[in-house]
Amino acid sequence: MFVLIPLFPLLGAAVNGLLGIRFFSRRAVGATAVGAVGLSFAAAVAALAGLLRSAEPVLVKTFFTWIPASVVRTAGGKAVPFALDFAFRYDSLAAVMTLVVTGVGLLIHVYSVGYMAHDRSYARFFAYMNLFTFAMLILVLGANLAVMFIGWEGVGLCSYLLIGFWFTKDAAADAGKKAFITNRVGDFGFLLGTGLLLFALGTIDIAGITAAVEGGGLATGTATAAALLLFLGATGKSAQIPLYTWLPDAMEGPTPVSALIHAATMVTAGVYMVARLHALFSFSGTALTVVALTGAITAVYAATMAFVQTDIKRVLAYSTISQIGYMFMGLGVGAYAAGIFHLMTHAFFKSLLFLAAGSVIHALSGEQDMRNMGGLRKRVPRTYLVFLVGALAISGIPGLSGFFSKDEILASAYASGHYLVWGLGLAGAAMTAFYMFRLIFLTFHGEERLAPDAGRHLHESPPVMLVPLQVLAGLAVVGGYVGLPRVLGGGAWFARFLETSTGAHESHLAAGTEVLLMIVSVGASLAAIYAAWTIYVKRRGEPARRLAGKFKTVYRVVSRKYFVDEAYSRIFVGGVIAAGRAADWFDRRVIDGLVDGAAGLARRVSRLTILFDDGVVDGAVNGVGRIHLAASSLLRRLQTGYVYNYALAVVLGAALIITLVITVF
Amino acid sequence: MIPIEAVVGLGLLIFTVGLAGVLVRKNLVVMLMSLELLLNGVNIILAGLGRHLKSPRGSIFALFVIIIAVSEAAVGFALVLAYFRHKKSYDTDVLSDLKG
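Rules and cut-offs
Residues numbered from 1 in each chain as written. Chains lettered and ligands numbered in written order. Predicted model: local features only at pLDDT ≥ 70, side-chain atom pairs only at ≥ 80, totals over all residues. Heavy atoms only, no water. Buried < 20%, exposed > 50% of the residue type's maximum accessible area, 1.4 Å probe, protein only. Helix = DSSP H or I, 4+ residues; strand = E, 2+ residues; numbered from the N terminus. Arc of directions from axis to C-beta. Contact = heavy atoms within 4.5 Å. Salt bridge = Lys/Arg side-chain N within 4 Å of Asp/Glu carboxyl O. Polar contact = N/O pair within 3.5 Å; in protein donor to acceptor, adjacent residues only side chain to side chain. 1 Å grid on protein atoms, 1.4 Å probe; cavity = no way out; pocket = protein on both sides within 12 Å on 5 of 7 lines; lining within 4 Å. Points joined across faces, edges and corners; volume = space filled by probe spheres on them. Nonpolar A, V, L, I, M, F, W, Y, C, P; charged D, E, K, R; others polar. Axes fitted to C-alpha atoms, helices over the stretch in contact; angles between N-to-C directions. Left-handed = near helix turned anticlockwise from the far one by under 90°. Patch = residues over 30% accessible without salt bridge, like charges linked within 9 Å, V, L, I, M, F, W, Y side chains within 5 Å. Areas by Shrake-Rupley, 256 points an atom, 1.4 Å probe, with all protein chains shown as cover.

**Focus on helix α21 (residues 493-502) of chain A**
Residue and element names in this part refer to chain A.
So, point 1. Residues F494, L498, S501 and T502 constitute the buried set of α21. The buried residues of α21 all sit within an arc of 65° when viewed along its axis, so they share a single face.
So, point 2. On its buried face, α21 sits against α3 (92-115), α11 (269-276), α12 (278-283) and α15 (336-363).
So, point 3. Positive phi appears at G503, one or two residues downstream of α21, with a value of about 80°.

**Things to note about the pattern of salt bridges**
Residues and elements named next belong to chain A.
So, point 1. On inspection of all chains with the given rule, the structure shows 14 salt bridges over all chains.
So, point 2. With a closest N to O distance of 3.5 Å, R314 and D249 form a salt bridge. One end of the pair, R314, is in helix α14 (residues 312-332); the other, D249, is in helix α9 (residues 246-249), and 65 residues separate them in sequence.
So, point 3. The salt bridge partner of D584 is R588, with a shortest N-O separation of 3.3 Å. A residue pair is termed a helical-turn pair when its members lie 3 or 4 positions apart in one helix, as D584 and R588 do in helix α25 (residues 564-635) at 4 residues.
So, point 4. For D584, a relative accessible area of 37% translates into the label partly exposed.
So, point 5. Where salt bridges share partners, they join K178, D249, R314, K561 and D565 into one cluster.

**Regarding the interface of chain B and chain A**
So, point 1. At the interface, 12 residues of chain B touch 11 residues of chain A.
So, point 2. Counting across the interface, chain B meets chain A through 0 salt bridges.
So, point 3. For the interface between chain B and chain A, the tally reads 0 residue pairs in polar contact (both at pLDDT 80 or more).
So, point 4. Among the elements that make up the side of chain B that touches chain A, the one with the highest residue count is helix α1 (residues 4-24) of chain B (3 residues).

**Some thoughts on the layout of surface pockets**
Residues and elements named next belong to chain A.
So, point 1. Taken as a whole, the largest pocket spans an internal volume of roughly 930 Å³.
So, point 2. If you trace the largest pocket, you find 28 residues lining it, with R438, Y536, G541, A544 and R545 closest to the centre.
So, point 3. Counting residues per element, the ones that place at least two in the lining of the largest pocket are α18 (419-444), α22 (511-538), α23 (542-550) and α24 (552-559).
So, point 4. The residue makeup of the lining of the largest pocket, split by class, is 17 nonpolar, 5 polar and 6 charged.

**Things to note about the packing of α15(A) against α21(A)**
Helix-helix packing: each pair is described by the crossing angle between the helix axes and the interaxial distance.
Residues and elements named next belong to chain A.
So, point 1. It is the contact of α15 with α21, at a shortest axis distance of 9 Å, that shows an interaxial angle of 120°. Here α15 runs over α21; the crossing is right-handed. Between α15 and α21, the residues in contact are Y336, A337, I340, F341 and M344 and F494, A495, L498 and T502, respectively.
So, point 2. Its residues placed into classes, the contact of α15 with α21 shows 8 nonpolar, 1 polar and no charged.

**Topic: a nonpolar patch on the surface**
So, point 1. A cluster of nonpolar side chains, L656(A), I657(A), L660(A), V661(A), V664(A) and F665(A), forms an exposed patch at the surface whose accessible area comes to about 670 Å².
So, point 2. By secondary structure assignment, the location of L660(A) is in helix α26 (residues 643-664).

**Quick notes on unusual backbone geometry**
So, point 1. Residue P242(A) is reached from I241(A) by a cis peptide bond, and omega for that bond is 10°.
So, point 2. In this fold, P242(A) is placed in the loop between α8 (220-237) and α9.
So, point 3. One non-glycine residue, F563(A), lies in the positive phi region at around 60°.
So, point 4. Positionally, F563(A) belongs in the loop between α24 and α25.
So, point 5. The phi torsion at K88(B) lies on the positive side, around 60°, for a residue other than glycine.
So, point 6. For K88(B), the location among the structural elements is in the segment after α3 (57-87).
So, point 7. The class for K88(B) is exposed, based on a relative accessible area of 64%.

Just distances and angles here, no functional claims.
Have a look at this one:
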């Protein structure tokens, strides 16, 4: 049954992409795309039912042999048989992920029908969205790292296509490129990690890796190296330090894209991958600590930048980075189920927040700057209501989904003894509540600061957009109850369901401590909300402006995103350019120099030959002439031309001959 | 009877005068005339010695020399005349076209 899940989006993408762009009406395009994801969701539900009925915890479906049986020589020198199948693996983790991807994806597709109604490239948009859903499902269902990698790259490609969907806008095209290139850095880590596992174990099958690691077939150092390389891939996909810079820029894409890809699904792929390979990460304690600390630091670091953003979507983007940091924090302390739980609840409330922000932007005809909003509570009441639900959920207010998942992570961190991680998580929770309510107060409360044009067309969104928002709001409220902790009378059913795929995780906290921790974190959030209310409603943002004025440098550094973009472009882009220049110099000076040098040498040698030719050969010829010239110039003096000289010579010669004749004879 | 010494002496004298003329004078005509003196000095000696030795050979040889001298003079003066027409001069200092 689960085999059908990725099939429908692929068909939808093919139909819309090949036929829809030319031949379909808008209505048909929308129906195809929504229908494909809807069928996929139905298949996911049916597959879950099948899994619950099945005695087997893991279902595997092999389609064909990808790489036929061969022998690889592993690091130890052992020859290991190796074969790679194109196979799907469906277990409780995959079930949760497919439901989130198809369920939230379905709502976002429905919403997009309304949101993109006026866009020219309607069919292209839905073809990309379906293709993305397909790639994400391949990533989730892949039974080995190679199949996962196909999905991993596929979602990266679709992310690029959708961020740059409005490619005639420079900022959007640049943001797409930035996302893609930053992800490539991470993907390279993923490939290296896969290669290292293949080299060390001779298998990249998830079941094989788990079995090998648990059977002690892997050295700790190798496991750490492989886990960290794979985690580098996760930081790229999931926008964690150090590869997070692309996500805020990705907000240039249409809002449903931000909700689907950059909140609910693709950015959580890293979290999913780490949970998938939990055996490997757990085996290497170092890697797990790195994951936890990266997550905790990112959670707080991204939250500080959310404080000063004025673009409504960028606040949510930093919030997403921060919340994914939470998920990694949960994974890093060994509570894999808690991380996935937060992944799920976050998918509900963050896509809700993005879509509600999209509804606001839609109402204001494209305005995204919160400084030009304010007082919208009365103008778009339904959007305000669902937005408030999302904000309360993400702030961890008891009774809503965010509360359960966030507190499970914090409790797990505290229980595992990572008090620093717990402290950072608590600070992050309070900061999250503050910036979310800053957003709400700036957007929906206070006096209207609308641009005159935007105010005229101001309208509440149509039902096709509002209904998905209301469904998501419902999920954001009740989604947490599947993981109701034991201390609150629940059964932690979610964690138990995941045990078959992410292993058991027992919390050793006393019930009293757990309740105390909840009270502390809820208290911190409420205090932060009160602070936000005081600053932005009661005193109309005046204290914030005073603080910004007082700590000008700090404000400048934070609002410029700690100059990380500038540093990256200086170091990496600049480095590449410098390397290019160096290569150019090398080419010009050394390679061309060698070639030119050879030519120059030949010329110099030929010049010597010329010298020999001119000097010696011609010299000999000319020399002979010159000797004759010199001799003749001496001898010609004898020829005076005077008759008497010749006469004298005749006389003297005759005298000489006569003398000779007389004396000799 | 004129003594042989006087005849030879006269011949030598004329020869010497001719030789000096050829070597010293710069006029081509005079030089040709001196050449005649040279030849005739020798002729006197040839004829005198033939008579002295009672042999006709000396006189015969002298006759040959006279004939040759005539041809020489004819050719020589023709050359000098042709040269004069060309250069308007008999001076050997001017006539040095063969100078190397």
